[in-house]
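The chain contents come next:
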Amino acid sequence: MTIDWGIVETSIPLLSRGLLVTLQISVVSGILACVLGFTLGLCALSHVRALRVAVGGYVDFIRGTPLLIQIFLVFFALPTIGIRLDEVWAGITALAFNTSGYIAETVRGAVGSIERGQTEAAKSIGMTNPQILGYILLPQAMRPIVPPLTNELISMTKNSSLLSVISVYELTRAGQAIISVHFVPFEIYLLLALFYYGLIKSLSLLSRWVERRMPVL
Amino acid sequence: MTAADRTPVLRVEGLTKVFGDRAVLRDLQLEVAKGETIVVIGASGSGKTTLLRCVNYLERPTAGTIYLDGRRIGQVADGDGGWKEASERVLARQRRGIGFVFQRFNLFPHLTALDNVAIGLRKVSGIPKRAARERAAEQLRKVFLGEHLDKRPSQLSGGQQQRVAIARAIAMDPDIILYDEPTSALDPELVREVLDAIRVSASSGMTSMIVTHELSFARQVANRVIFMDQGAIVEQGAPGDVFGRPREARTRRFLEHFNHPQSVATP
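Parameters and conventions
Residues numbered from 1 in each chain as written. Chains lettered and ligands numbered in written order. Predicted model: local features only at pLDDT ≥ 70, side-chain atom pairs only at ≥ 80, totals over all residues. Helix = DSSP H or I, 4+ residues; strand = E, 2+ residues; numbered from the N terminus. Buried ≥ 20, exposed ≤ 12 C-beta atoms within 10 Å, placed from the backbone. Contact = placed C-beta atoms within 7 Å. Arc of directions from axis to C-beta. pLDDT = per-residue confidence, 0-100. Nonpolar A, V, L, I, M, F, W, Y, C, P; charged D, E, K, R; others polar. Pairing = 2+ DSSP bridges. Axes fitted to C-alpha atoms, helices over the stretch in contact; angles between N-to-C directions. Core = buried A, V, L, I, M, F, W, Y, C linked by C-beta atoms within 7 Å. Parallel < 35°, antiparallel > 145°, perpendicular 65-115°, else oblique. Left-handed = near helix turned anticlockwise from the far one by under 90°. Expected span 1.5 Å × (residues − 1).

1. As for the overall build of chain A
Now for step 1: For chain A, the helix and strand inventory stands at 8 helices and 0 strands.
Now for step 2: Taken from N to C terminus, the helices and strands of chain A fall in the order α-α-α-α-α-α-α-α.
Now for step 3: A principal-axis box enclosing the C-alpha atoms of chain A has dimensions of 70 × 45 × 20 Å.
Now for step 4: Out of the 217 residues in chain A, the part that is buried amounts to 34%.
Now for step 5: Within chain A, residue pairs in contact and separated by at least 24 positions form 78% of the contacts whose partners lie at least 6 positions apart.

2. Quick word on helix 3 (residues 67-77) of chain A
Residues and elements named next belong to chain A.
Now for step 1: When helix 3 is considered as a whole, its buried residues turn out to be Gln70, Ile71, Val74 and Phe75. For helix 3, the angular spread of buried residues about the axis comes to 125 degrees, placing them on one side. Opposite its buried face, helix 3 presents the exposed residues Ile69, Phe76 and Ala77, each directed more than 90 degrees away.

3. Some details on the confidence of the model for chain B
Now for step 1: Looking at chain B, the pLDDT average stands at 92 and 95% of residues meet or exceed 70.
Now for step 2: Note that residues 263-267 of chain B has pLDDT below 50 and, in this model, 1 contact with residues that lie over four places away or in other chains.

4. Some points on unusual backbone geometry
Comment: phi is negative for the bulk of residues other than glycine, and the bulk of peptide bonds are trans.
Now for step 1: Not every positive phi belongs to a glycine, and serine 167 of chain A is a case in point at roughly 65 degrees.
Now for step 2: As for its placement among the helices and strands, serine 167 of chain A is situated in the loop between helix 6 (129-159) and helix 7 (171-182).
Now for step 3: Here glutamate 181 of chain B, not a glycine, exhibits a phi torsion of approximately 45 degrees, which is positive.
Now for step 4: Mapped onto the elements, glutamate 181 of chain B comes out in the loop between strand 9 (176-180) and helix 7 (188-203).
Now for step 5: For glutamate 181 of chain B, a count of 21 C-beta atoms within 10 Å translates into the label buried.

5. Details of the interface of chain B and chain A
Quoted interface sizes are often the accessible area lost when the parts come together.
Now for step 1: Listed by partner, the interface residues are 22 residues for chain B and 17 residues for chain A.
Now for step 2: Those elements that place two or more of their residues in the side of chain B that touches chain A are helix 3 (88-95) and helix 4 (113-123) of chain B.
Now for step 3: It is helix 3 of chain B that contributes the most residues to the side of chain B that touches chain A, 5 residues altogether.
Now for step 4: Within the side of chain B that touches chain A, the residues separate by chemical class into 9 nonpolar, 5 polar and 8 charged.

6. Here's the deal with the sheet that holds strand 3 (residues 37-41) of chain B
Two orientations exist for strands paired in a sheet by backbone hydrogen bonds: parallel and antiparallel.
All names here are of chain B.
Now for step 1: The strand order across the open sheet built from 6 strands is 8-9-10-3-11-12, with neighbouring strands paired in mixed fashion. Whereas interior strands pair on both sides, the edge strands pair on one side only; in this sheet they are strand 8 (98-101) and strand 12 (232-237). This sheet shows a mean twist of 20 degrees between the axes of neighbouring strands, independent of strand direction.
Now for step 2: The pairing of strand 11 (residues 224-229) with strand 12 spans 5 bridges and is classified as antiparallel.

7. A look at the nonpolar core
Now for step 1: Ranked by internal contacts, the top residues of the largest apolar core, which has 114 residues, are Val40, Val55, Leu140, Ile166 and Leu178 of chain B.
Now for step 2: At 12 residues, the largest contribution of residues to this core is made by helix 4 (residues 87-112) of chain A.
Now for step 3: Discounting chain neighbours no more than four positions away, the residues touching isoleucine 166 of chain B are Val101, Val143, Ala197, Ile198 and Ser201 of chain B.
Now for step 4: Residues Leu15, Leu171, Ile188 and Leu192 of chain A belong to the second largest nonpolar core, which totals 7 residues.

8. Describing the packing of helix 6 (residues 158-171) of chain B against helix 7 of chain B
Residues and elements named next belong to chain B.
Now for step 1: With their axes 8 Å apart at the nearest point, helix 6 and helix 7 run at an angle of 15 degrees to one another. In terms of orientation, helix 6 lies roughly parallel with respect to helix 7. As for how helix 6 packs across helix 7, the hand of that crossing is right-handed. For the pair helix 6 and helix 7, the contacting residues are Gly158, Gly159, Gln162, Arg163, Ile166 and Ile170 in the first and Leu190, Glu193, Val194, Ala197, Ile198 and Ser201 in the second.
Now for step 2: Counted by class, the contact of helix 6 with helix 7 contains 6 nonpolar, 4 polar and 2 charged residues.

9. Overview of the environment of glycine 244 of chain B
Residues and elements named next belong to chain B.
Now for step 1: For glycine 244, the position within the fold is in helix 9 (residues 239-244).
Now for step 2: Note on glycine 244: 10 C-beta atoms within 10 Å, which makes it exposed.
Now for step 3: In this structure, the C-alpha to C-alpha distance between glycine 244 and leucine 255, residues 11 residues apart in sequence, is 9.9 Å.

10. Let's talk about the sheet that holds strand 2 (residues 22-32) of chain B
All names here are of chain B.
Now for step 1: With antiparallel pairing, the 4 strands of this open sheet are ordered in space as 2-1-4-5. Strand pairing shows two members of the sheet lacking a second neighbour, strand 2 and strand 5 (71-73), which therefore form its edges. This sheet shows a mean twist of 30 degrees between the axes of neighbouring strands, independent of strand direction.
Now for step 2: Pairing of strand 1 (residues 10-19) with strand 2 involves 7 bridges; the strand directions are antiparallel. Note on strand 2: the bridge partner recorded for lysine 17 is leucine 25.

11. Focus: helix 6 of chain B
All names here are of chain B.
Now for step 1: With 14 residues, helix 6 extends 20 Å between its outermost C-alpha atoms, agreeing within 8% with the 20 Å of an ideal straight helix rising 1.5 Å per residue.
Now for step 2: Where burial is concerned, most of helix 6 is hidden: 13 out of the 14 residues are buried.
Now for step 3: The positive-phi residue at the C-terminal boundary of helix 6 is aspartate 173, with phi of around 55 degrees.

In structure tokens form, the structure reads like this:
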């Protein structure tokens, strides 16, 4: 088997554009997923039973269905109820919803596992529930939250390749476009693998660095 | 004496707490006057800790009313002449008047000793950061921790941690401080420094209610000793009377076990 180096050379700038889109999508969905995931995770710890049940159902649905189906649902089903998103925003929404379910579980677990004595001590000096959460529980929960959280965000970045099915011009789609013109699947898929590997590796090094800088209690 | 002076700092009326089908407190009555130091003794399971936890509503009483300085804790007027359960937000405000020192300290592990004391002053009392930290430092020096302000709880001994917890409670300037077996999680050699801190606070006029098994300490600091059994106050009075001339058979039996622990059968 011979490698068509000419194609490799012309593909790299095209794939780099796709990589940039993958990065942009991942950053935006990552931020949205964190906001939504933390909110849902805290709702799951609420005293209001209806909230806990609602979040439980949401998380159950997210974890019990394939991401690919969730992407199709957002892209094809939302317009039928009047919500029209272009393919990029539909993709971002689907990734954010999906990842937020896993983040919610992580947050619920970490905050919920802090001993009750912490809440009681905070109550005894007159703190309100939001203050207890913000000043006592969340700061202590961040250390156990960060490693699984960065794992979720890295998985999400890999999963963004699925957005190629709804024609988001991200890294995978950029590669497929080249293949459909030049029919060089081996070279392109190998290049895609290398691009993704470089991206994921950098992200995981970054996350290890963040974890090392977390204060020890 | 004016009427205001006679208002007890704490009044407990008909307090009952039931867990499942077990009544831990039964129709308990209690009044604590300003400046009083009360020591509560009794076997484990007699309801001492539950009494303290009900007073600041860490446990909601099954029945009964708690008054702090004449005002109801945990209940607000419902507008129809009756009373309803207070919201968590109202409870938080009411709890400022009641300090609590826990058996296992419950310091905030992510904060330094100084910030453990200062955080309530800043976030609850709304004192600016610098002033709050100054007041916290002063309070910590009073319990002889002036050299440990910037240490985390994990860098302090149990006795030091409990003294930080005491400073945290006192700093909020409560009407009363409740101590829930403050020395029972400590190694024997660390008990004394904690008892000394409590003694200093009590003798400076802080109204205190202390659940403890340290009977000689109780004898020294208490204005009044309360003996509890099966969720009720069996006997109370000056320490000399309760320890020296107990009237009730149950009190005598309890004190005998304490004075001759070797007579307690070990399985």
